[in-house]
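What follows is the residue order along each chain.
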Amino acid sequence: QVGQSGTFTVVLPSSVVPTSYQWKKQVVGSSAWTPIVGETGNSYTIPSVAANMDGDKYTCDVMVGGTPVTITNVGTLIVVDSSGVPINTRYNVTFNAGAHGTLRGHGASYTESIIRNTPITNVPIVDANPGYQFTGWTPSNPGGTLVTANITYTAQYSVAGSGGGGGGGGSTPT
């Protein structure tokens, strides 16, 4: 959790007596492993986890009598919020055109993966079929809604008045 400590520990068989440890870190987006200065015990504690550390990887080089021991397990830091949910959890937001129109540039359906607690900002424009008018989305207007779970929005229509048909707006009905 952000602001809390996090600990990684090397556990070796009792028959292995290590002579030294050196912890290393690989930040997200890098292929390089960097030694963590001064971290030479069998455990490494991050004193205060930050949100930007989510996904960083940790491992430890262990020496036994001058011979390196290969540690194949790599620990990945997963930062959680106060409710215990990983902060970078992604949810699918799906838009369906419904029976009487299409989503401009997407056809009948469009799905976007959005990080939890991020507002929906990319609401597709609905083009209603001739004779219909786009009236809004169910279950509600998605524009600005914070994403907290997978959700599907479906375009709704009414029969257009004389000369009807045509497109509808993105996040607000026309």
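Just so it is clear, the structure is predicted and the values come from calculations on it, not from any experiment.

Cut-offs applied
Residues numbered from 1 in each chain as written. Predicted model: local features only at pLDDT ≥ 70, side-chain atom pairs only at ≥ 80, totals over all residues. Heavy atoms only, no water. Salt bridge = Lys/Arg side-chain N within 4 Å of Asp/Glu carboxyl O. Helix = DSSP H or I, 4+ residues; strand = E, 2+ residues; numbered from the N terminus. Buried < 20%, exposed > 50% of the residue type's maximum accessible area, 1.4 Å probe, protein only. Core = buried A, V, L, I, M, F, W, Y, C linked by side-chain atoms within 4.5 Å. Contact = heavy atoms within 4.5 Å. Polar contact = N/O pair within 3.5 Å; in protein donor to acceptor, adjacent residues only side chain to side chain. Pairing = 2+ DSSP bridges. Axes fitted to C-alpha atoms, helices over the stretch in contact; angles between N-to-C directions.

Q: How should I be thinking about the pattern of salt bridges in this particular structure?
A: Oppositely charged side chains can pair when the atoms bearing their charge come close. Throughout the structure, instances matching the rule amount to four salt bridges. Put simply, aspartate 81 and arginine 116 hold a salt bridge, and the shortest N to O gap is 2.3 Å. Placement of the pair is aspartate 81 in the loop between β7 (75-76) and β8 (90-96) and arginine 116 in the loop between β10 (109-115) and β11 (126-128), with a sequence separation of 35 residues. The pair aspartate 81 / arginine 116 is uniform in exposure class, with both members buried. The residue arginine 104 makes a salt bridge to aspartate 127 at a minimum N-O spacing of 2.6 Å. Residue arginine 104 is found in the loop between β9 (101-103) and β10, and its partner aspartate 127 is found in strand β11; the two are separated by 23 residues along the sequence.

Q: Could you clarify how one ought to interpret the environment of serine 82 in this entry?
A: Relative to the assigned elements, serine 82 resides in the loop between β7 and β8. On the accessibility criterion, serine 82 (69% relative accessible area) is exposed.

Q: I would appreciate a short explanation of the nonpolar core in the present structure.
A: One recurring pattern in soluble globular proteins: nonpolar side chains tend to sit buried together. The biggest cluster of nonpolar side chains holds 17 residues, and the ones touching the most others in it are Val93, Phe95, Leu103, Ile120, Val126, Trp137 and Tyr157. Setting aside residues no more than four positions away along its own chain, leucine 103 makes contact with Phe95, Asn96, Ala97, Ala108, Ser109, Tyr110, Pro124, Ile125, Val126 and Trp137. Tyr58, Cys60, Leu77 and Val79 belong to the second-largest nonpolar core, a separate cluster that totals 14 residues.

Q: Could you clarify how one ought to interpret the side chain of threonine 89 in this entry?
A: Its place among the elements puts threonine 89 in the loop between β7 and β8. Of note is the side chain of threonine 89, whose polar atom sits 2.8 Å from the backbone oxygen of proline 86. Ignoring sequence-local partners within four residues, the contact set of threonine 89 consists of Ile114, Ile115 and Arg116.

Q: Sorry, what's going on with the side chain of threonine 94 here?
A: One can find threonine 94 in strand β8. Looking at threonine 94, the relative accessible area reads 14%, which means it is buried. There is a polar contact of 3.0 Å between the side chain of threonine 94 and the side chain of threonine 111. Apart from residues lying up to four places away in sequence, threonine 94 is in contact with Ser109, Tyr110, Thr111, Ile151, Thr152 and Tyr153.

Q: Help me understand the sheet that holds strand β13 (residues 151-159), please; the structure alone is not making it clear to me.
A: Pairing in this open sheet of four strands is mixed, and the strands run β10-β8-β13-β12 from one edge to the other. Two strands in the sheet have a free side with no partner beyond their single neighbour: β10 and β12 (132-138). With direction set aside, neighbouring strand axes in the sheet form an average angle of 25°. Pairing geometry for β12 and β13, over six bridges, is antiparallel. Residue glycine 136 lies in a different strand from β13, and its bridge partner there is glutamine 156.

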